[in-house]
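Structure at a glance
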Amino acid sequence: MKPSVLLVNPWIYDFAAYDYWMKPLGLMYMASYLRENGLEVRLVDCLDGYATQAASMAVTPRRPPRRKPGGHGKFLRQRIVAPPALDMIARPYHRYGIDPEIFTAMVRSVEKPRAILATSMMTYWYPGVIDAISILKEIFPEIPVILGGIYTTLCPEHARAHTGADYVLAGAGEGYVDLILEKIMGLSLSYRPDSKNLDALPYPAWDLLSHPDQLPVLTSRGCPCRCPYCATKILNRTFRRRDPRRVVDEIAHWRKTLGVKNFSFYDDALLVRPEEMAIPLLKDIIIRHLDTVFHCPNGLHLSEITPYIATLLFRAGFRTLRFGLETTDRDRQRALGGKVENVHFEQATAYLREAGYEADDIAVYLLCGLPGQSAGEIRESIRYVRSHDARPILAEYSPIPGTALWDAARQSSPYPLAEEPLFHNNSLLPCAHPTLTTLEYHAMKRLSRGN
Ligand code: B12
Ligand code: SF4
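First things first, this report covers the structure right here in the doc. (Residues numbered from 1 in each chain as written. Chains lettered and ligands numbered in written order. Predicted model: local features only at pLDDT ≥ 70, side-chain atom pairs only at ≥ 80, totals over all residues. Heavy atoms only, no water.)

On to the packing of aromatic side chains. Counted by the stated rule, this structure contains 17 aromatic pairs. Geometrically, the ring pair formed by F15 and Y93 is edge-to-face, given 5.2 Å between the ring centres and 75° between the ring planes. In this pair, F15 sits in the loop between strand 2 (12-14) and helix 1 (25-36) while Y93 sits in strand 5 (residues 93-96), placing the two residues 78 residues apart along the sequence. Like F15, the residue Y93 is buried in the burial classification. Relative to F423, the ring of Y415 lies with its centre 4.7 Å away and its plane at 10°, an arrangement referred to as stacked. On the basis of relative accessibility, which here comes to 4%, the residue F423 falls in the buried class. Taken together, the ring pairs in this structure connect F263, F265, F294 and F318 into an aromatic cluster. For R221, the ring lying beneath its charged end belongs to Y29, and the centroid distance is 4.9 Å. (Phe/Tyr/Trp six-rings, centres within 6.5 Å; stacked < 30°, edge-to-face > 60°. Helix = DSSP H or I, 4+ residues; strand = E, 2+ residues; numbered from the N terminus. Buried < 20%, exposed > 50% of the residue type's maximum accessible area, 1.4 Å probe, protein only. Lys NZ or Arg CZ within 6 Å of the ring centre and 35° of its normal.)

Printed below as a string of structure tokens:
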């Protein structure tokens, strides 16, 4: 019998969460890599309301929440008591995902693994990681739990001190497969692709999902820009891309084998240097008639939109377009690295409308709550975007350790950001300028929705 590993995607603990095409992509890359090395891989995904197939379950699962046809929707959720650090916040706090009893039953139904690999996402979601690990340790006390992901990369010391994981690994997991297999599991590594060559990596193990209503695609790692509020350069030091044909091969593969129609791009810089990726990718999608729909929940670069690219996006079936404008204040745009100017936004919206998109299809992220950012600046940005026939979406700022803006964030925040990642939560507007009161924020939310 093959040695097995159990992969776990922990819960989200937060004031609010909505499943905007969320899937544990990093963990699924790890899964396929381990499988190629001869391991049996099992997945327990706390965020999958459909993941209830465990044979010996003594608990009846709740009905999964209704999903939207494009593959997004609500999570199951349960009201819970917020961690003591958040006591002063008078807002309901929730566990998003399956009930802990279901999680326990699912883990119990799995044959004893040789190791457990858990992932982590937002730094401030760590309480869900701690609770998942504590249950895993109760069921399999002697099995090593290896924790990786975005939280461990951004806050490794915190994760080592608090999560109860036996190994906390920071950075790309591909670089640790030999450590996991050889040192932790005592097995030998038979498959080791060049992890710097993204085309050499196996596709993520999406066949492990119970309900692949949509799947993420990643054409690259990293970003050539260096925006001071963003963690990308810490997560991926260099910008590397796949061969666009291989990306479309992957999409066609999932379309054929799992029947998936909706795909979401998780790239940080999908449109940058379009001749390398976007143009060949979109042309290939169009030529192959895949009958697919695409969503870009992560901000796209407005400055790359030309009439030609707008037309290709439309013809290739890109239906959810979100762009990073961040602010319309020119000084702030410069301070944020100068990746975009208002003229790019105006041109892009005109080209996209021309290509066939409706005003409502063109959504633009506006950062809200940056250190020193007045409410007036945000209001003005919302007004400007709305007056140009696009849909503003407020992206509340989450301060991230190691970024260029971190010191300013710490100085502007009433919360001890460095000691407690719970205060990185964007819902708290942790670095809000005094003019950005709660009342003002809610008024802006309404303004951005046009009411
Ligand atoms: C796609 C994305 C989203 C998607 C959904 C993501 C998902 N997975 O479900 C959407 C658009 C919904 C989203 C939303 C938000 N996001 Co986001 N998102 C990302 C993004 C661009 C990619 C994540 C990803 O999947 N990467 C690809 C995979 C392959 O990488 P990975 O998960 O890191 O996995 C690798 C390693 O970590 C490791 N690994 C992973 N698991 C494991 C396990 C083990 C055992 C090991 C050894 C290794 C390992 O190996 C993997 C392969 O190399 C990241 C930035 C980035 N470049 O990573 C931001 C990022 C995570 N998001 C961020 C933010 C701020 C947000 C928002 C708050 C934005 C906002 N203001 O609205 C919202 C919050 C959402 C919510 N409250 O519901 C921040 C994190 C902030 C924080 N404090 O932690 C990031 C880092 C971006 C940034 N600005 O710097 N996001
Ligand atoms: S362009 Fe986007 S992903 Fe790249 S550094 Fe700026 S915010 Fe981060």
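In this fold, T232 is placed in helix 7 (residues 232-235). Note: C-alpha distance between T232 and P113 (119 residues apart in sequence) is 33 Å. When neighbours within four sequence positions are excluded, T232 is seen to be in contact with G222, C223 and D268. (Contact = heavy atoms within 4.5 Å.)

The subject of this paragraph is the sheet that holds strand 1 (residues 4-9). The five strands lie next to each other as 3-1-6-7-8, forming an open sheet whose pairing is parallel. What marks the edges here is a single partner per strand, and that holds for strand 3 (40-45) and strand 8 (167-168). Summarising the sheet, strand 7 (residues 145-147) and strand 8 pair through two bridges and their orientation is parallel. Within strand 8, the position partnered with L147 by the bridge is V168. Of the strands in this sheet, strand 1, strand 3 and strand 6 (115-118) touch helix 1, which is tilted by about 175° from strand 1. (Pairing = 2+ DSSP bridges. Axes fitted to C-alpha atoms, helices over the stretch in contact; angles between N-to-C directions.)

What follows concerns unusual backbone geometry. A negative phi angle is the norm for most residues apart from glycine, just as the trans form is the norm for most peptide bonds. Even without being glycine, D291 reaches a positive phi, approximately 55°. With respect to the helices, strands and loops of the structure, D291 is situated in the loop between helix 9 (278-288) and strand 13 (293-300). A positive phi angle, near 45°, is found at L429, a position not held by glycine. Along the chain, the position of L429 falls in the loop between helix 14 (406-412) and helix 15 (438-449). Taking relative accessible area as the criterion, L429 reaches 11% and is therefore assigned buried.

Glancing now at helix 3 (residues 126-139). An ideal rise of 1.5 Å per residue puts 20 Å on 14 residues; helix 3 measures up with 20 Å between its terminal C-alpha atoms. Of the positions making up helix 3, those classed as buried are Y126, P127, G128, V129, A132, I133, I135, L136 and I139. (Expected span 1.5 Å × (residues − 1).)

Side chains of strand 12 (residues 262-265) alternate between two faces, with N262 and S264 and F263 and F265 buried alike. Summarising the sheet, strand 9 (residues 214-217) and strand 12 pair through four bridges and their orientation is parallel. Bridge pairing links Q214 to N262 in strand 12. Two strands pair when backbone bridges link them, and strand 12 and strand 13 are joined in this way by three bridges, in the parallel orientation. Bridged to N262 within strand 13 is V293. Read as a crossover between parallel neighbours, the route from strand 12 over helix 9 to strand 13 is right-handed. (Right-handed = clockwise from strand over helix to strand, strands pointing away.)

Side chains of K68, K74, R77 and R79 sit close together on the surface and give a patch of like positive charge. Note on placement: R77 falls in strand 4 (residues 77-80). (Patch = residues over 30% accessible without salt bridge, like charges linked within 9 Å, V, L, I, M, F, W, Y side chains within 5 Å. Areas by Shrake-Rupley, 256 points an atom, 1.4 Å probe, with all protein chains shown as cover. Salt bridge = Lys/Arg side-chain N within 4 Å of Asp/Glu carboxyl O. Lys, Arg positive; Asp, Glu negative; His and termini not counted. Charge placed at Lys NZ, Arg CZ, Asp CG, Glu CD.)

Here we come to the packing of helix 9 against helix 10 (residues 307-315). Two elements in contact, helix 9 and helix 10, have axes whose closest approach is 9 Å; the angle formed by their N-to-C orientations is 35°. Here helix 9 and helix 10 pass one another in a crossing that is left-handed. Along the contact surface, helix 9 presents I279, L282, K283 and I286, while helix 10 presents Y308, I309, L312, L313 and R315. Looking at the contact of helix 9 with helix 10, its residues break down into seven nonpolar, no polar and two charged. (Left-handed = near helix turned anticlockwise from the far one by under 90°. Nonpolar A, V, L, I, M, F, W, Y, C, P; charged D, E, K, R; others polar.)

Before going further, it helps to examine the site of ligand 1. The environment of ligand 1 is made up of 37 residues, and the closest members are T119, G173, E174, A231 and D268. Taking Y266, its side chain carries an N or O atom lying 3.5 Å from an oxygen atom of ligand 1. In this structure, E396 approaches ligand 1 through a main-chain N or O atom, which is 2.8 Å from a nitrogen atom. For the shell around ligand 1, the elements supplying multiple residues, two or more each, are helix 1, strand 6, helix 7, strand 13 and strand 16 (391-396). Taken together, the residues of the shell around ligand 1 sort by class into 21 nonpolar, 11 polar and five charged. Of the domains in this structure, domain 1 (4-184) and domain 2 (212-449) are the two that each give at least three residues to the shell around ligand 1. (Near = heavy atom within 4 Å. Polar contact = N/O pair within 3.5 Å; in protein donor to acceptor, adjacent residues only side chain to side chain. Domains from an automatic or database assignment.)

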